[in-house]
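Chains, contacts and geometry: an overview
Listed below are the residues making up each chain.
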Amino acid sequence: MCVMKMMNRLALLPLAAFVAASACAAAPADSAVACGHGNRPLGRVRRAVDHLLDLRDSHRRQRADTAYIVRTPGRLRLKLAFNASGSDLDTRWASGGSEFRSRLKAQAKNTMSLTASYRGLSLSLSLNPAKLAGRNKDYELNVNAYGNRFGADLILQSAKTYEGTVEAPSGVVEMPVGSVSQKMLMADAYYVFSGRRFSFPAAFTQSWLQRRSAGSFMLGVSFVGGRFRADKAGTLGGGSARLSLLSGSVGAGYAYNWVIRRRWLLHISTLPQLVVASRNRLEADGEAQKMPYSFSNAVVVGRLALVRHFGTYFAGMNAVVNASLFGDADSFSLSTLKWRARVFVGIRL
């Protein structure tokens, strides 16, 4: 327990230094000597950052309907979160008059994270116990930027722990861990029409507060690029197989923030998109061919969040799901499901 307390204090030292510099910068000029010469450069940097953020916020306040959304009071927010993410990969193909179907899942990843946010600028530190212990060789990078008008998610994933089953005419075949590996880059962005009254950050970053219930139509674009490799396809009597994906999609959806008793916020949104451009290639047994395409190829981004405010404290959960379908069910199709969820508690200072 003592070791944990010491680690927590060490982790907060940089933040404490920044808070001290903030206090020095806000102090009157005749009391600056009390802060020490070492903090003066930090104070000047902090004042310069505050000046730029003041210009940004004044512009945003002019565009926001404060009867519906306002920026969160307090400049500093600390958030402790438990994060979980996972991936599903299903394929369906026909060969020699027979139909095969695989159902694979990658090992779920669980992390603990501490995030410090200052007026919308955030720094997060995450810890994955399974990764440190060498039990999970997958890695994943998530970058999120949520604004009232624009926002985007970027996911970079490498997974080597897929396992599952293949349904073949002869029966069900087990696919061990490592049978399939994946490297994937997924990016999606949204544009909200009613950004003056509806706030994505209120649900996902808590940098804004939603005062009244509001919804909005939105537009979205997505990009998916990646490679799949199955070196142990010999389990089915075949050789190795490789699939490369490169596609872009556009669509429209709807999002709604429901304010319950002024303290609770429930967010639900969906953004379906049709694939409008793709360059997908399948290589099996040394032969390359173009992956089939059908009008039903699509990408869907769904989001869910629940937030509760307790004065200066807040807590909640959120989840983002990316589902996609490529190919043609009559010959070869691939469907992916990427999800991530978070449970968090935080404080505003």
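Quick caveat: nothing in here was measured; it's all calculated off a predicted structure.

Looking at the side chain of Lys 338
With respect to the helices and strands, the residue Lys 338 is situated in strand β19 (residues 332-348). The exposure class assigned to Lys 338 is buried, which follows from its relative accessible area of 3%. Of note is the side chain of Lys 338, whose polar atom sits 3.2 Å from the side chain of Glu 140. Setting aside its immediate chain neighbours within four residues, Lys 338 contacts Ser 85, Gly 86, Ser 87, Glu 140, Ile 155, Gln 157, Met 186, Val 320, Val 321 and Asn 322.

Here's the deal with empty space enclosed by the protein
This model, assessed by the stated rule, comprises 2 cavities of 30 Å³ or more. What the largest cavity holds in volume is close to 90 Å³. Around the largest cavity, the lining is made up of 14 residues, and of these Met 186, Val 224, Val 299, Asn 322 and Ser 324 lie nearest the centre. Elements with a contribution of two residues or more to the lining of the largest cavity: β10 (180-192), β12 (214-230), β17 (298-310) and β18 (313-328). Class assignment for the residues of the lining of the largest cavity results in 9 nonpolar, 4 polar and 1 charged. Taken as a whole, the second largest cavity holds about 50 Å³ of empty space. For the second largest cavity, the full set of lining residues is Ser 87, Asp 88, Gln 157, Tyr 162, Gln 182, Met 184, Met 186, Thr 336, Leu 337 and Lys 338. Mapped onto the lining of the second largest cavity, the elements with two or more residues apiece are β2 (76-95), β10 and β19.

Some details on the pattern of salt bridges
Between side chains of opposite charge, a pair can form as their charged atoms come close. Scanning the model with the defined rule gives 9 salt bridges in all. Salt-bridge contacts for Asp 153 lead to Arg 303; the nearest nitrogen and oxygen are separated by 2.7 Å. Taken together, the residues span a long stretch of sequence, with Asp 153 in strand β7 (residues 150-159) and Arg 303 in strand β17 at a distance of 150 residues. Taking the relative accessible area as the measure of exposure, Arg 303 reaches 3% and is therefore buried. Of the charged contacts in the structure, one is a salt bridge between Asp 188 and Arg 303, with a shortest N-O distance of 3.0 Å. With Asp 188 in strand β10 and Arg 303 in strand β17, the pair connects residues that are 115 residues apart, well separated along the chain. No difference in accessibility class separates Asp 188 from Arg 303, as the two residues are buried. One continuous salt-bridge network, built from bridges that share partners, spans Asp 153, Asp 188, Arg 303 and Arg 340.

Observations regarding the nonpolar core
Grouped together as the largest cluster of nonpolar side chains are 25 residues, with contacts concentrated most on Tyr 146, Tyr 190, Val 192, Phe 200, Phe 204, Met 218 and Leu 265. When residues no more than four places from it in sequence are discounted, the contact partners of Leu 265 are Ala 202, Ala 203, Gln 210, Asn 257, Trp 258, Val 259, Ala 305, Leu 306 and Val 307. If you look at the next biggest cluster of nonpolar residues, it comprises 23 residues, including Tyr 162, Val 224, Leu 243 and Phe 326.

Side note on the pairing of β19
In this structure, β2 lies alongside β19, joined through 17 bridges in antiparallel fashion. The partner of Asn 83 across the bridge, within β19, is Arg 342.

Overview of the packing of aromatic side chains
By the definition in use, this model includes 11 aromatic pairs. Relative to Tyr 190, the ring of Tyr 146 has its centre 6.3 Å away and its plane inclined at 20°; by these criteria the two rings are stacked. Placement of the pair is Tyr 146 in strand β6 (residues 139-146) and Tyr 190 in strand β10, with a sequence separation of 44 residues. Here Tyr 190 falls in the buried class, since its relative accessible area comes to 3%. Connected via pairs of aromatic rings, a cluster forms that spans Tyr 146, Tyr 190, Phe 198, Phe 200 and Phe 204.

Quick notes on the side chain of Ser 324
Looking at the element boundaries, Ser 324 is found in strand β18. A polar side-chain atom of Ser 324 sits 2.3 Å from a polar atom in the side chain of Thr 336. Those residues in contact with Ser 324 that sit more than four places away from it in its chain are Ala 298, Val 299, Leu 334, Ser 335 and Thr 336.

Structural notes on a nonpolar patch on the surface
Taken together, the side chains of Tyr 139, Leu 141, Val 143, Leu 154, Leu 156, Leu 185, Phe 223 and Leu 246 present a nonpolar region at the surface, about 640 Å² in accessible area. Among the secondary structure elements, those contributing two or more residues to the nonpolar patch are β6 and β7. With 3 residues, β6 is the largest single contributor of residues to the nonpolar patch. If you trace the backbone, Val 143 turns up in strand β6.

Brief notes about the confidence of the model for the protein
Confidence along the protein averages 81 in pLDDT terms, with 77% of residues attaining 70 or more. Contacts of residues 1-38 to residues separated by more than four positions or lying in other chains number 17 contacts, the stretch itself having pLDDT below 50.

Criteria and thresholds
- Residues numbered from 1 in each chain as written.
- Predicted model: local features only at pLDDT ≥ 70, side-chain atom pairs only at ≥ 80, totals over all residues.
- Heavy atoms only, no water.
- Helix = DSSP H or I, 4+ residues; strand = E, 2+ residues; numbered from the N terminus.
- Buried < 20%, exposed > 50% of the residue type's maximum accessible area, 1.4 Å probe, protein only.
- Polar contact = N/O pair within 3.5 Å; in protein donor to acceptor, adjacent residues only side chain to side chain.
- Contact = heavy atoms within 4.5 Å.
- 1 Å grid on protein atoms, 1.4 Å probe; cavity = no way out; pocket = protein on both sides within 12 Å on 5 of 7 lines; lining within 4 Å.
- Points joined across faces, edges and corners; volume = space filled by probe spheres on them.
- Nonpolar A, V, L, I, M, F, W, Y, C, P; charged D, E, K, R; others polar.
- Salt bridge = Lys/Arg side-chain N within 4 Å of Asp/Glu carboxyl O.
- Core = buried A, V, L, I, M, F, W, Y, C linked by side-chain atoms within 4.5 Å.
- Pairing = 2+ DSSP bridges.
- Phe/Tyr/Trp six-rings, centres within 6.5 Å; stacked < 30°, edge-to-face > 60°.
- Patch = residues over 30% accessible without salt bridge, like charges linked within 9 Å, V, L, I, M, F, W, Y side chains within 5 Å.
- Areas by Shrake-Rupley, 256 points an atom, 1.4 Å probe, with all protein chains shown as cover.
- pLDDT = per-residue confidence, 0-100.

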